[in-house]
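Analysis of the macromolecular model
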Amino acid sequence: MTIQPEDHDRALELLHRTDEILSQRVVGQARLRRTLLVTLLAGGHALLESVPGLAKTTAAHALAASVSGTFHRIQCTPDLMPNDIVGTQIYNYGTGEFTTQLGPVHANVVLLDEINRSSAKTQAAMLEAMQERQTTIGGREYRLPSPFLVIATQNPIEEEGTYVLPEAQMDRFLVKVVVGYPAPSDETEVLARVIDGRQEAPLETEPLTLDELEWLIDLTSQVRVDPAISQYVVDIVNTTRGGGPRPVEQVRDLVRVGASPRGSIGLVKIAQAVALTSGRGFVVPEDVKELRHEVLRHRIVRTFDALADGVPPEHIVDLAFGAVQAP
């Protein structure tokens, strides 16, 4: 299916409005803003890793506001139970009946703050909701709102009292974003906005409606992926497993478990969204490369030697991309 020029123009106008709202609330952090927007278009979920205070919560709030979506924030703690997230049944002594109270996961954008501080059982309940896009309370299924985006955060410097996400559960996040410190000029702008009240001022741009967002998501799925691009993606992912058309010996020494087929699916979905935001109705190799670290860094399990030598997963991803010739 070919995307019509008028659809391209409308999509770019809607995406421009969304980015304007995000930039009004989030100073700098252009890669974070772009990755969250692309993940939303691709229908996935995002895992953000950084020290506290780097606009993760602000970005989630702004993204929900930019698309007129409902927003809930869940602060994870060791005593947080699955029912606190999913919902529960409450007995009414007056009527003698049970009523269902839906949990905070029932929102368009859900911020799961410090997911590694919740127990494994609670993590599993949340990740099940992410995968199935529904919850089960008292034997009855409740569909989650559409669109549905989970933004989970974790702090890499405080490990005491945390429950590290297993690789199999991290694999369910479409992207993992490592958020760095802002540039000094951006930090100066943050202070200026806080001092003069612009940071809390009403939004100057009209947000999208949920119907407009649904249209964008549907349009993203129509972006054409040539069979040569699909083969390119498969070859890259197989290279992370020590195979591929040109196996890299160094990758075999550094990787214990390579990316799963979810990595291939993630690269294609993100590439479709990147292509749409660039005004194209088809995917090119540069679209696959743009957010390669975000898609693959959490899907590669490094060997002990790689961990001991401090080899970052991004280096392994670059080795795999460098070994495969782009179509």
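For the structure itself, look to the data block above.
First, a word on scope: everything that follows refers to the structure included in this document.

Cut-offs and rules
- Here the residue numbering is sequential within each chain, running from 1 through the sequence in written order.
- The predicted origin of the model limits local features to residues at a pLDDT of at least 70 and limits the giving and counting of side-chain atom pairs to 80 or more, whereas totals for whole chains, interfaces and linings rest on all residues.
- With hydrogens and water stripped out, all remaining heavy atoms of the structure feed into the side-chain values.
- Strand pairing is assigned whenever DSSP detects at least two bridges linking the two strands.
- Here a strand is any run of E in DSSP of at least two residues, a helix any run of H or I of at least four, and the numbering for each starts at the N terminus.
- The salt bridge definition used is simple: a Lys or Arg side-chain nitrogen within 4 Å of an Asp or Glu carboxyl oxygen.
- Type-normalised accessible area, obtained with a 1.4 Å probe on protein chains alone, sets the label of each residue: buried when under 20%, exposed when over 50%, and partly exposed for intermediate values.
- Each residue after the first adds 1.5 Å to the expected span of a helix.
- Contacts are residue-level and defined by heavy atoms, with any inter-residue pair within 4.5 Å sufficient.

**Things to note about the pairing of strand 6 (residues 134–137)**
Taken together, the four bridges between strand 6 and strand 7 (residues 140–143) define a ladder with antiparallel strand orientation. By the bridge assignment, Q134 is partnered in strand 7 with R143. Between strand 6 and strand 7, which follow one another and run antiparallel, lie two residues, and G138 among them has a positive phi close to 60°.

**Brief notes about the pattern of salt bridges**
Scanning the entire structure with this criterion turns up 18 salt bridges. A salt bridge links R73 to D113; its shortest N-O distance comes to 2.7 Å. Note that R73 is positioned in strand 2 (residues 71–75) and D113 in strand 5 (residues 109–113), a separation of 40 residues in sequence. In this structure D113 comes out as buried when scored by relative accessible area, which is 8%. Its salt-bridge partner being R299, residue D171 comes within 2.6 Å of it at the nearest N-O pair. In this pair, D171 is assigned in the loop between helix 6 (167–170) and strand 9 (175–178) and R299 in the loop between helix 13 (292–296) and strand 11 (301–302), connecting sequence segments 128 residues apart. Here D171 matches R299 in class, with each residue buried.

**Quick word on helix 5 (residues 120–132)**
In a regular helix each residue adds 1.5 Å, so 13 residues correspond to 18 Å; helix 5 covers 18 Å between its end C-alpha atoms and thus fits that length. T122, Q123, A125, M126, L127, A129 and M130 are the residues of helix 5 that are buried. Where the residues of helix 5 are buried, they touch helix 4 (82–86), strand 5, strand 6, strand 8 (149–154) and helix 6. Where helix 5 terminates, the next one or two residues include R133, which has phi positive at roughly 55°.

**Notes on the environment of G244**
Note that G244 resides in the loop between helix 9 (227–240) and helix 10 (249–254). The class for G244 is partly exposed, based on a relative accessible area of 30%. Along the primary structure G244 and T58 are separated by 186 residues, whereas in three dimensions their C-alpha atoms are 41 Å apart. Setting aside anything within four residues of it in sequence, one finds G244 in contact with D235, N238 and T239.

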